[in-house]
Amino acid sequence: MADALSLIPAAVLRNLADKLYEKRKNAALDIEGIVKQLAIAGDHDKITAVINLLTTEFTYSPQANHRKGGLIGLAAATVGLTSEAAQHLEQIVPPVLNSFSDQDSRVRYYACEALYNIAKVVRGDFIIFFNQIFDALCKLSADSDANVQSAAHLLDRLVKDIVTESDQFSIEEFIPLLRERMNVLNPYVRQFLVGWITVLDSVPDIDMLGFLPDFLDGLFNMLSDSSHEIRQQADSALSEFLQEIKNSPSVDYGRMAEILVQRAGSPDEFTRLTAITWINEFVKLGGDQLVPYYADILGAILPCISDKEEKIRVVARETNEELRALKADPAEAFDVGAILSIARRQLSSEWEGTRIEALHWMLTLLNKYRNEVLQYLNDIFDTLLKALSDPSDQVVLLVLDVHACIAKDPQHFRQLVVFLMHNFRVDNSLLEKRGALIIRRLCVLLNAERVYRELSTILEGESDLDFASIMVQALNLILLTSSELSEIRYLLKQSLVDPAGKDLYVSLYASWCHSPMAIISLCLLAQTYQHASAVIQSLVEEDVNVKFLVQLDKLIRLLETPIFAYLRLQLLEPGRYPWLFKALYGLLMLLPQQSAAFKILKTRLKAVPSYSFNGEQLKKTSSGNPYNFLHNMSGGSQINEDGEVALDRGNSLNGINFAARLQQFQQMQHQHRVHLKTQTLKNSSSSSKEAQRHEEPKQPQLSEVNAVAPSRSSKRAQGS
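Everything quoted here is computed from the prediction, not taken from an experiment.

**Considering the overall build of the chain**
Turning to step 1, where the next piece is worked out: Check the secondary structure of the chain and you find 37 helices and zero strands.
Turning to step 2, where the next piece is worked out: Put simply, the chain has 720 residues, and 50% of those count as buried.
Turning to step 3, where the next piece is worked out: A separation threshold of at least 6 residues defines the contact pool for the chain, and within that pool the share at least 24 residues apart is 71%.
Turning to step 4, where the next piece is worked out: On the chain, roughly 34,400 Å² of surface is accessible, and the fraction owed to carbon and sulfur atoms is 49%.

This is the structure:
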C-alpha cells in the first residue's frame, strides 16, 4: 500500500474520489500513464500494488464517489497495461463484477463502463470470467435504472463479439448457467437469454443443438409471454433449431419428446401449436429412437385432435396417422400396454373426436398385436363396456367394433355377451337408449344367429324375471324390425322344413317364453300358426294386462309392415292356413274394441276377399261367423302344425315337439305370475307401512276406492 501511495500523487488520488466526473476522468488518465510506465519497466509488483490500492481504498469504499473513481481507475490501469493486462485480470475483474450489485445505480453504470473498457483491451483473455460476467449481465438486463440497462446492453454486445471469435469459450460450462435461468419470467431477462441462445447457435464451432434439451422447455415457456416481441424471438429461435434438427444426422429425440409432450397440453394456443408441430416432425424423423415414447406422444396427440384451433387439429390428425402407420416390434421397447392404457384413458375425454381416435388405436393394436392386447383385456374391458353408454352413436359403434374384434375368440365372445347382459341389467337406460343399436351392430360384426343363440342361452337361466321379460321383448322387436337380421327371419320362416331353422326356433323358444307376445311373434314369424293359436288360448286373466296389450298393439302394427307381407298374402289361402286365421282372430278378441289396434286388425281380416273361401270345406254360414269355416275345416283334411293341409308332404313336423314347447311356455309364465304376486304383496306392505307413518288410520269409503282405482290403472299404463 505504501509503495502505491508513493507511486500515485496525493492530488491524483483526491481527484479520483471527486464528485465531478471530469476530475475523476483526468485522475484516471494519470493512473493510466503511471501503469504504462511501470509496464514498460516490467515492474509488475508495483502494478499489483497500484491495483490493490484502487480496489481496497476505492472500489470497496463506503463512499460512492470513491467507488466510482476506483472503477474508472481499474479500467485506466488495464488500458495502461495493454497486452500485459491478462496476468492482472484476476485482480482487476472481480471488484468490477462486485460493483454490478452496488446499491447506487451510478456505481453500477460505471461498473458497466469499466468492464466494457477492460474487455476491449483483453478480448479473448476475458473468457475465463465469462460465466460470472454472464450472470452479472443477466441481472443488469432487468435493472431498474434505464441508463444502467443501456450500458449493460452495450457491454453485452461486446461480450457476444468476443465469445463468437474466441476458441476458449466452454459451452459445457455455460449450459448449466443458461438452464438455471431459462424459467425466469422477467421480460428483459428473457430477451437477454434468447439473444445469447441465438448468437451461440450461429457460431459454427459451438454445438447448441446437442444441448437443446437443456433449454428447450424454457424456450417453449417464452412462447406464451405477454410480450409479442419475446414470443416472436422465441418462435424464431425454435424454428431455427427445428430446421437444424431436420438437417442433422444425430439428434437426441427422446429427451426433447418428453418436453414436447408436456407442452402439447399447454393452455396457450401458440405453445400447443408449436409443440404439436415439433412432435409431427419428430414422428417423421425420429424412427426407432421414439419407440419408447410412443405412448407419451399419443397421449399428447389425442387431446389435440379435438382442439378448438383448427390448425392444431389438422397437425394432430396428421401426426396421429403417421404414428399409427409406423411399424414397431413389442420385443424392441414398443410398449403395447402403455399405448393401450393411453387409449383407455382418453375414452373418458369430453371430446368426441378424441374418443373416436382412441378407439381407432385400440382396433389398430388388436389387428397388429392381438395376443399382446388380450393380455391387458381385464384392464380395458370395463372401460369399453361403460363406453357403450357414450352419448355419441359413432363412438358406440366403434366400441362395438372393438368388442367384436376381441370376441372373435369363443371364450371372449361368451365373456362379451355375459358382460353386456350384466350392463343391460344394471343400467336400464342403456338398454332403452342403446340396446337396439348395440344388438344390431353386434349381429353384423359377429353373426346374427350366433349372437341371438348366446343371448337366448343366457336369458333362459336368468333369475331376474322382470329383466328377462324386458330383454326378450327388446330382442324380439329387433328381430322383427331390423334389416341386419333378415337372414335370421328367413331361417325361422323355414322352421318346419329346414333342420337349421328348426334348431334356431327351438333355441330361441326357451328364452322367448319370458314374454307371451314374444312367443306369439316368434310363432307367426316361423309360421307355426297352430302353436301360436294354442299359446293364445293358454293365456289366463293375469297375462292380459296393460303391458301385454301395449306389446300386442305393437305387434298388430308390425303385421302391417313389409316384414310380414308373406303372412298377409297367406290370408288369401285360408284353406292352407286356417290356424293363421284362428291365431289372428284370437289376438283380435284380446284387444279392446275401441283401440286403434283392434280396428287395424279387424280391417285387415275384413279385407280378405270372399272368393278365397270358395270350396266345399270353406262355406260361410248365414250368420257370417268366420269361425264356421274353421269348424268345417277341422272335420275334413288333415292339418299340420303350420296350418297347411297335409297333401304331398304327409304329416312331417320336422321333429318339433309342440306339446312340450307349450308346457315349457306355461311353466315359465306361471313363474312370472308367482313373481308378480310376490312383488305386489311386497309393494302393498311397504305402502301400508309408509302410510301408517304419515297418516292416521281411517276406514276407506267405497266412493274413495272407486275414485283411486282408475288413477292407479292409469299410472300403470303410463309406466308400461
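Structure shown, so let's carry the discussion forward.
**Observations regarding the pattern of salt bridges**
Turning to step 1, where the next piece is worked out: The full count for this structure, using the stated rule, is 33 salt bridges.
Turning to step 2, where the next piece is worked out: A salt bridge links Arg190 to Asp225; its shortest N-O distance comes to 2.5 Å. In this pair, Arg190 is assigned in helix α11 (residues 187-201) and Asp225 in the loop between α12 (212-222) and α13 (228-247), connecting sequence segments 35 residues apart. Across the pair, exposure class does not vary: Arg190 and Asp225 are buried alike.
Turning to step 3, where the next piece is worked out: A salt bridge links Asp217 to Arg263; the shortest N-O distance between them is 2.8 Å.

**Considering the UniProt feature "repeat: HEAT" (unreviewed entry) in the chain**
Turning to step 1, where the next piece is worked out: Annotation from UniProt places "repeat: HEAT" (unreviewed entry) at residues 92-127.
Turning to step 2, where the next piece is worked out: Taken as a whole, residues 92-127 contains 72% helix and 0% strand, while its terminal C-alpha atoms sit 14 Å from one another.

**Describing empty space enclosed by the protein**
Turning to step 1, where the next piece is worked out: Counted by the stated rule, this structure contains three cavities of 30 Å³ or more.
Turning to step 2, where the next piece is worked out: Counting only elements with at least two residues in the lining of the largest cavity, the list comes to α17 (310-325) and α19 (352-368).
Turning to step 3, where the next piece is worked out: Per element, the largest residue contribution to the lining of the largest cavity is four residues, and it comes from α19.
Turning to step 4, where the next piece is worked out: Taken together, the residues of the lining of the largest cavity break down into eight nonpolar, one polar and two charged.

**Digging into the packing of aromatic side chains**
Turning to step 1, where the next piece is worked out: In total, this model carries 23 aromatic pairs according to the counting rule given.
Turning to step 2, where the next piece is worked out: Residues Phe130 and Phe134 carry aromatic rings whose centres are separated by 5.9 Å and whose planes lie at 35° to one another, so their mutual orientation is tilted. Linking Phe130 with Phe134, this pair stays in helix α8 (residues 130-140), spanning four residues, or about one helical turn.
Turning to step 3, where the next piece is worked out: Relative accessible area serves as the criterion here: at 4%, Phe130 is assigned to the buried category.
Turning to step 4, where the next piece is worked out: Residues Tyr294 and Phe334 carry aromatic rings whose centres are separated by 5.8 Å and whose planes lie at 80° to one another, so their mutual orientation is edge-to-face. Of the two residues, Tyr294 sits in helix α16 (residues 294-304) while Phe334 sits in the loop between α17 and α18 (336-346), which places them 40 residues apart along the sequence. Of the two residues examined, Tyr294 and Phe334, each falls in the buried class.
Turning to step 5, where the next piece is worked out: Here a set of aromatic residues connected by ring pairs shows up, and it is made of Phe130, Phe134, Phe169, Phe174, Phe192 and Trp196.
Turning to step 6, where the next piece is worked out: Here the basic side chain of Arg450 rests over the ring of Phe413, its NZ or CZ set 3.8 Å away from the ring centre.
Turning to step 7, where the next piece is worked out: Stacked on the ring of Tyr509, the Lys or Arg Arg661 has its end atom at 6.0 Å from the ring centre.

**Some remarks on the side chain of Asp156**
Turning to step 1, where the next piece is worked out: Inspection of the secondary structure assignment puts Asp156 in helix α9 (residues 146-164).
Turning to step 2, where the next piece is worked out: Once residues lying within four places of it in the same chain are set aside, the contact partners of Asp156 are Leu137, Phe192 and Trp196.

**Re helix α28 (residues 499-512)**
For an α-helix, the turn length of 3.6 residues means that residues three or four places apart are oriented alike.
Turning to step 1, where the next piece is worked out: The first and last C-alpha atoms of α28 sit 20 Å apart over 14 residues, in line with the 20 Å expected at 1.5 Å per residue.
Turning to step 2, where the next piece is worked out: The complete set of buried residues in α28 reads Gly501, Leu504, Tyr505, Ser507, Leu508, Tyr509, Ala510, Ser511 and Trp512.
Turning to step 3, where the next piece is worked out: Its side-chain oxygen placed 3.0 Å from the backbone nitrogen of Ala500, Asp498 serves as the N-cap of α28.

**Regarding unusual backbone geometry**
Turning to step 1, where the next piece is worked out: Unlike most non-glycine residues, Arg123 shows phi in positive territory, near 50°.
Turning to step 2, where the next piece is worked out: Examined against the element boundaries, Arg123 turns out to sit in the loop between α7 (105-122) and α8.
Turning to step 3, where the next piece is worked out: The class of Arg123 is partly exposed, set by a relative accessible area of 28%.
Turning to step 4, where the next piece is worked out: Its identity is not glycine, yet Gln527 carries a phi of approximately 65°, on the positive side.
Turning to step 5, where the next piece is worked out: The topology assignment puts Gln527 in the loop between α29 (516-526) and α30 (529-538).
Turning to step 6, where the next piece is worked out: Among the residues examined, Gln527 registers a relative accessible area of 16% and is labelled buried.

**Examining the packing of helix α23 (residues 410-426) against helix α24 (residues 428-446)**
Turning to step 1, where the next piece is worked out: Across the interface, α23 lies against α24 with an axial gap of 9 Å and an inter-helix angle of 160°. Considering their axes alone, α23 and α24 lie roughly antiparallel with respect to each other. Taken as a pair, α23 and α24 cross one another with a handedness that is left-handed. Counted together, Phe413, Leu416, Leu420, Asn423, Phe424, Arg425 and Val426 of α23 and Asn428, Leu430, Leu431, Gly435, Ile438, Ile439, Leu442 and Leu446 of α24 form the full contact between these two elements.
Turning to step 2, where the next piece is worked out: When the residues that make up the contact of α23 with α24 are grouped by side-chain class, the tally is eleven nonpolar, three polar and one charged.

**What to know about the layout of surface pockets**
Turning to step 1, where the next piece is worked out: Considering only enclosed or pocket space, the second largest pocket measures out at about 330 Å³ in volume.
Turning to step 2, where the next piece is worked out: Lining the second largest pocket are 19 residues, and of these Lys160, Gln191, Val194, Gly195 and Gln233 lie nearest its centre.
Turning to step 3, where the next piece is worked out: The greatest single-element share of the lining of the second largest pocket, amounting to eight residues, is contributed by α11.
Turning to step 4, where the next piece is worked out: Tallied by class, residues from the lining of the second largest pocket come to six nonpolar, eight polar and five charged.

**So, the packing of α19 against helix α22 (residues 393-406)**
Turning to step 1, where the next piece is worked out: The geometry of α19 relative to α22 is characterised by a closest axis approach of 10 Å and an angle of 15° between their N-to-C directions. When the axis of α19 is compared with that of α22, the two are roughly parallel. Note that α19 runs across α22; the crossing there is left-handed. Together, Glu352, Arg355, Ile356, Leu359, His360, Met362, Leu363, Leu366 and Asn367 of α19 and Gln394, Val395, Leu398, Val399, Asp401, Val402, Cys405 and Ile406 of α22 make up the contact between the two elements.
Turning to step 2, where the next piece is worked out: When the residues that make up the contact of α19 with α22 are grouped by side-chain class, the tally is eleven nonpolar, three polar and three charged.

**Looking at α19**
Turning to step 1, where the next piece is worked out: Taking 1.5 Å of rise per residue, 17 residues should cover 24 Å, and α19 covers 24 Å from first to last C-alpha, within 8% of that figure.
Turning to step 2, where the next piece is worked out: Burial of α19 is extensive: twelve of the 17 residues sit out of reach of the surface.
Turning to step 3, where the next piece is worked out: Taken together, the buried positions of α19 are occupied by Thr354, Arg355, Ile356, Glu357, Ala358, Leu359, Trp361, Met362, Leu363, Thr364, Leu365 and Leu366.

Definitions and limits used
Residues numbered from 1 in each chain as written. Predicted model: local features only at pLDDT ≥ 70, side-chain atom pairs only at ≥ 80, totals over all residues. Heavy atoms only, no water. Helix = DSSP H or I, 4+ residues; strand = E, 2+ residues; numbered from the N terminus. Buried < 20%, exposed > 50% of the residue type's maximum accessible area, 1.4 Å probe, protein only. Contact = heavy atoms within 4.5 Å. Areas by Shrake-Rupley, 256 points an atom, 1.4 Å probe, with all protein chains shown as cover. Salt bridge = Lys/Arg side-chain N within 4 Å of Asp/Glu carboxyl O. UniProt positions renumbered as here; feature names shortened; annotations may be inferred. 1 Å grid on protein atoms, 1.4 Å probe; cavity = no way out; pocket = protein on both sides within 12 Å on 5 of 7 lines; lining within 4 Å. Points joined across faces, edges and corners; volume = space filled by probe spheres on them. Nonpolar A, V, L, I, M, F, W, Y, C, P; charged D, E, K, R; others polar. Phe/Tyr/Trp six-rings, centres within 6.5 Å; stacked < 30°, edge-to-face > 60°. Lys NZ or Arg CZ within 6 Å of the ring centre and 35° of its normal. Expected span 1.5 Å × (residues − 1). Polar contact = N/O pair within 3.5 Å; in protein donor to acceptor, adjacent residues only side chain to side chain. Axes fitted to C-alpha atoms, helices over the stretch in contact; angles between N-to-C directions. Parallel < 35°, antiparallel > 145°, perpendicular 65-115°, else oblique. Left-handed = near helix turned anticlockwise from the far one by under 90°.

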